[in-house]
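Chain residues, written in single-letter form:
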Amino acid sequence: MIDQPTLDEIWEFGDPAASEARFRVELEQGGPWDDTERAELTTQLARAIGLQGRFDEAAALLIEIPDESDPIVGVRVLLESGRVMNSSGHPESAAGLFRQAATIAGRLGAEFLLIDALHMLAIVDAPGAEDWTARAVNLAEASPDDRTKRWLVSLHSNLGWRYFDEDNLDAAFASFTEAARWADLLGTAQQREWAQEALSECAAAMDAASESL
């Protein structure tokens, strides 16, 4: 299988069109990839396409991946299918796919993908968001792998925005503070920037709320 840092190098985070082009090059040039790895790359190509709103095209790519592919590929197919469903306006259907991904990833000991599935469940299942996030946070904090621990930035940030949207500003600020702490420790430059922007926006909202009292 392809390790996550290698996939990270291909991704152009924040630019799905550039990412699509990069994954197409990897697939078309053949490279060192075996059939299983090519299937894994195809899941990431589908993700990049889905991020551009081309949901039918992304879904068709995922459907074409052979059922007999490695179980890890199967987890990635479920994850990316779920993201396509959610982005195209079907969060309930997406939740079922993410639950399947979490179950299989847990059985395989695929910690990074399990946390990914839990983080997506926290997004699509609002009533269970805190529980899904708490489970993912526990796994990430216990991981010896820094790339897996980096999930803590997104997990705390996503929960913070949920609290923010609910006008629970104290809880939001606490979550954003944790996101910023982990961003400083293990995050990318972009994550550190976003974390500070979230803290600033939340602090401004708290100031405005106190002035209105």
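As shown above, the structure is provided for reference.
Described below are features of the structure shown in this document.

What counts as what
Residues numbered from 1 in each chain as written. Predicted model: local features only at pLDDT ≥ 70, side-chain atom pairs only at ≥ 80, totals over all residues. Heavy atoms only, no water. Helix = DSSP H or I, 4+ residues; strand = E, 2+ residues; numbered from the N terminus. Expected span 1.5 Å × (residues − 1). Buried < 20%, exposed > 50% of the residue type's maximum accessible area, 1.4 Å probe, protein only. Salt bridge = Lys/Arg side-chain N within 4 Å of Asp/Glu carboxyl O. Core = buried A, V, L, I, M, F, W, Y, C linked by side-chain atoms within 4.5 Å. Contact = heavy atoms within 4.5 Å.

## Things to note about helix 10 (residues 151-165)
Here is step 1 of the chain: End to end, helix 10 covers 21 Å across 15 residues, agreeing with the expected 21 Å (1.5 Å per residue, within 8%).
Here is step 2 of the chain: Of all the residues in helix 10, the buried ones are W151, L152, V153, L155, H156, S157, L159, G160, Y163 and F164.
Here is step 3 of the chain: Directly beyond the C-terminal end of helix 10, a positive phi value near 65° is found at D167.

## Observations concerning the pattern of salt bridges
Here is step 1 of the chain: What the rule picks out here adds up to 12 salt bridges.
Here is step 2 of the chain: With a shortest N-O distance of 2.9 Å, R83 and D116 are connected by a salt bridge. In this pair, R83 is assigned in helix 5 (residues 71-87) and D116 in helix 7 (residues 111-124), connecting sequence segments 33 residues apart.
Here is step 3 of the chain: Classification of D116 as buried rests on a relative accessible area of 3%.
Here is step 4 of the chain: With its nearest N and O atoms 3.0 Å apart, the salt bridge here joins E178 to R181. Placement of the pair is E178 and R181 together in helix 11 (residues 169-186), with a separation of three residues, close to one helical turn.
Here is step 5 of the chain: A relative accessible area of 39% means that R181 is categorised as partly exposed.
Here is step 6 of the chain: Here the residues in one salt-bridge network are E20, R24, R54 and E57, joined through shared partners.

## Overview of the nonpolar core
Here is step 1 of the chain: Formed by 44 residues in total, the largest nonpolar core has its most connected members in L79, F98, L113, L118, L121 and F176.
Here is step 2 of the chain: Elements with a minimum of two residues in this core: helix 5, helix 6 (91-108), helix 7, helix 8 (129-142), helix 10, helix 11 and helix 12 (189-211).
Here is step 3 of the chain: Sorting elements by how many residues they give to this core places helix 7 first, with 10 residues.
Here is step 4 of the chain: The contact partners of L118, leaving out residues within four places of it in the chain, are A102, W132, R135, A136 and L139.
Here is step 5 of the chain: Judged by nonpolar contacts, the second largest core, of 20 residues, contains L27, L45, A48 and I65.

Limitation: the analysis is restricted to geometry and does not speak to function.
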